[in-house]
Amino acid sequence: MSQYQAVKGTKDVFPDEAVQWQLVEGVVRRLAGLYAFGEVRTPVFEYTELFQRGIGATTDIVGKEMFSFLPDPQGRSLTLRPEMTAGVMRAALQRNLLSQAPLHKLFYISDLFRKERPQAGRQRQFTQFGAELLGASSPAAVAEVLSFMMGVFDALGLTGLRLRINTLGDLEDRARYRDALRAYFLPFADELDESSKERLEKNPLRILDSKNPALKELIAAAPRLFDFVKAEGVAEFEEVLSLLRDRGVSYEVDHLLVRGLDYYCHTAFEVTSSELGAQDAIGGGGRYDGLARELGGGKDMPAVGFAVGMERLLIAMEKQGLLEGLKPVGPKVFVVVQQLELSGHAMQVAFQLRRAGISTELDLAGRSMKAQMREANRLGAAYALFIGQTEFESGQYGLKNLVSSEQSTLTLDSITEILREPLLCG
């Protein structure tokens, strides 16, 4: 064993597990295509102030969880991205996307980094898929994003998910609510845990996010943000709910739901799974119209998006038996060579098969035919192609179907014609 180990909070993924990730990624890309979302990729690190301004200085992410490192040559601190929305908005503003078209639908599958305590489904390097719809945050836009997200879960076969949804109102609504919430919790300050006491001063809305069971009754009796939302905000929220019902998306209105990042406004949502225990959130999102202005864009930009944690999603899928039987796709052909001196010819045969779009493997370790057949079966190859001196001289190769055991003797051109698969390009 090497003296070097993976850094705590990170994980190696080998082919037997990667196939699970590829399943989810394939579904995400397919649904993104159906909803006409195009892929966006942003740098893995940004200037630290992007997240300080975009996410909010009082959030746990900015205050405790970011991986920031020595300044660049210009003296500005850099941070490994802890979430994607701020970076996507920065990229959109830098490219001036809305001058090119009034609406942009973007999705991503990206690695992120947070200094969290490692636990099941929560790593210091983790992966999210998500979407950002820029240029519109109407009820229709919110329903579009939610339909995309819930469509991924449906396509994966997940059941028992709970979509919680709420309206956070606008900045003015939340300012009035924040004052009311602080006034409510202040007499109970001695009963609050240390985290909630800190939030009481900085952002009392975050107390509603507490998972401390001792605070459950106190939080349940707190004033509701919904009661501070203006009439037009309530009407807009009701329209979102109506559109979700029209699309057959089940939901629960939860007036205690707040999102942990400062940029959210109006509709906010979260998806949880009973398979995950206390840390039950798989994903969530909402509107963030004011983020563009906060990042120096000069004015608000209508926007709505979501993010889903891949690690937690895979845990839920595993517990529901949705990953059983998944294994890497084996080669279509395994070339079995009888004599070591024919290895060069075997490599040429494999090359020709691959060039024709036929996935092919061969022995590179000089093993016996018996060992090569064991390897072909271990990899799940569909066919074995045999090369011996007779085959080399005649140009006729034995092709054995490893499922039915049927065997034929054919030229390489005939084998290629039978097994050929179209290449994606070229």
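Residues numbered from 1 in each chain as written. Predicted model: local features only at pLDDT ≥ 70, side-chain atom pairs only at ≥ 80, totals over all residues. Heavy atoms only, no water.

Peer 1: What is the right way to look at the nonpolar core in this model?
Peer 2: The nonpolar side chains of a soluble globular protein tend to be buried with one another. Ranked by internal contacts, the top residues of the largest apolar core, which has 45 residues, are Val24, Phe129, Phe148, Met149, Phe153, Phe306 and Leu313. At 11 residues, helix α5 (residues 139–156) tops the list of elements feeding residues into this core. If near-sequence neighbours (up to four positions away) are discounted, leucine 313 is found in contact with Val24, Phe129, Phe153, Leu156, Leu158, Ile282 and Val308. Within the second largest apolar cluster, 44 residues are counted, among which are Leu168, Leu200, Tyr264 and Met301. (Core = buried A, V, L, I, M, F, W, Y, C linked by side-chain atoms within 4.5 Å. Buried < 20%, exposed > 50% of the residue type's maximum accessible area, 1.4 Å probe, protein only. Helix = DSSP H or I, 4+ residues; strand = E, 2+ residues; numbered from the N terminus. Contact = heavy atoms within 4.5 Å.)

Peer 1: Even after reading the chapter, I still don't get the environment of glutamate 65, so can you show me in this structure?
Peer 2: Considering the arrangement of structural elements, one finds glutamate 65 in helix α3 (residues 60–65). Separated by 49 residues in the primary sequence, glutamate 65 and arginine 114 place their C-alpha atoms 5.0 Å from one another.

Peer 1: Quick question: what am I supposed to make of helix α13 (residues 369–379) here?
Peer 2: Turn by turn, an α-helix covers 3.6 residues, leaving residues three or four places apart pointing in a common direction. Taken together, the buried positions of α13 are occupied by Ala371, Gln372, Met373, Glu375 and Ala376. Looking one or two residues beyond α13, the residue adopting positive phi is glycine 380, at roughly 80°.

Peer 1: Help me out: how do you make sense of helix α7 (residues 194–202) in this one?
Peer 2: For α7, the full list of buried residues reads Ser196, Arg199 and Leu200. Along the long axis of α7, the arc covered by the buried residues comes to 110°, so they all point the same way. Exposed residues pointing more than 90 degrees away from the buried face of α7 are listed as Glu194 and Glu201. (Arc of directions from axis to C-beta.)

Peer 1: Explanation requested: unusual backbone geometry in the structure shown.
Peer 2: Leaving glycine out, the prevailing phi sign among residues is negative, and the prevailing peptide bond configuration is trans. The phi torsion at histidine 266 lies on the positive side, around 50°, for a residue other than glycine. As for its placement among the helices and strands, histidine 266 is situated in strand β9 (residues 265–273). Positive phi, normally seen in glycine, also occurs at serine 405, with a value near 70°. Structurally, the position occupied by serine 405 is in the loop between β15 (396–401) and β16 (407–411). Residue classification places serine 405 among the partly exposed positions, given a relative accessible area of 48%.

Peer 1: Got a minute to help me understand the sheet that holds strand β5 (residues 104–113) in this structure?
Peer 2: In space, the 8 strands of this open sheet follow the order β1-β5-β6-β11-β10-β9-β7-β8, with mixed pairing throughout. The strands lining the two open edges of the sheet, one partner per strand, are β1 (38–39) and β8 (252–253). Here strand β10 (residues 281–287) pairs with strand β11 (residues 303–309) via 5 bridges, running antiparallel. Along β11, the bridge assignment pairs arginine 287 with valine 304. Where helix α4 (residues 85–95) meets the sheet, its contacts fall on β5, β6 (125–134) and β11, and the angle it forms with β6 comes to roughly 45°. Along the sheet, α5 contacts β5, β6, β7 (161–167), β9, β10 and β11; its crossing angle with β11, the most-contacted strand, is approximately 15°. (Pairing = 2+ DSSP bridges. Axes fitted to C-alpha atoms, helices over the stretch in contact; angles between N-to-C directions.)

Peer 1: Would you take a moment to explain the pattern of salt bridges for this structure?
Peer 2: When their charged atoms lie close together, side chains carrying opposite charge are able to pair. Taken as a whole, this structure holds 25 salt bridges when the rule is applied. Between aspartate 173 and arginine 176 there is a salt bridge, and its shortest N-O distance comes to 3.1 Å. Remark: arginine 176 and aspartate 173 occur in helix α6 (residues 171–185); sequence separation between them is 3 residues, near one turn of the helix. Classification of arginine 176 by relative accessible area gives partly exposed; the value is 38%. Where lysine 230 meets aspartate 173, a salt bridge forms, and the shortest distance between an N and an O atom there is 2.9 Å. (Salt bridge = Lys/Arg side-chain N within 4 Å of Asp/Glu carboxyl O.)

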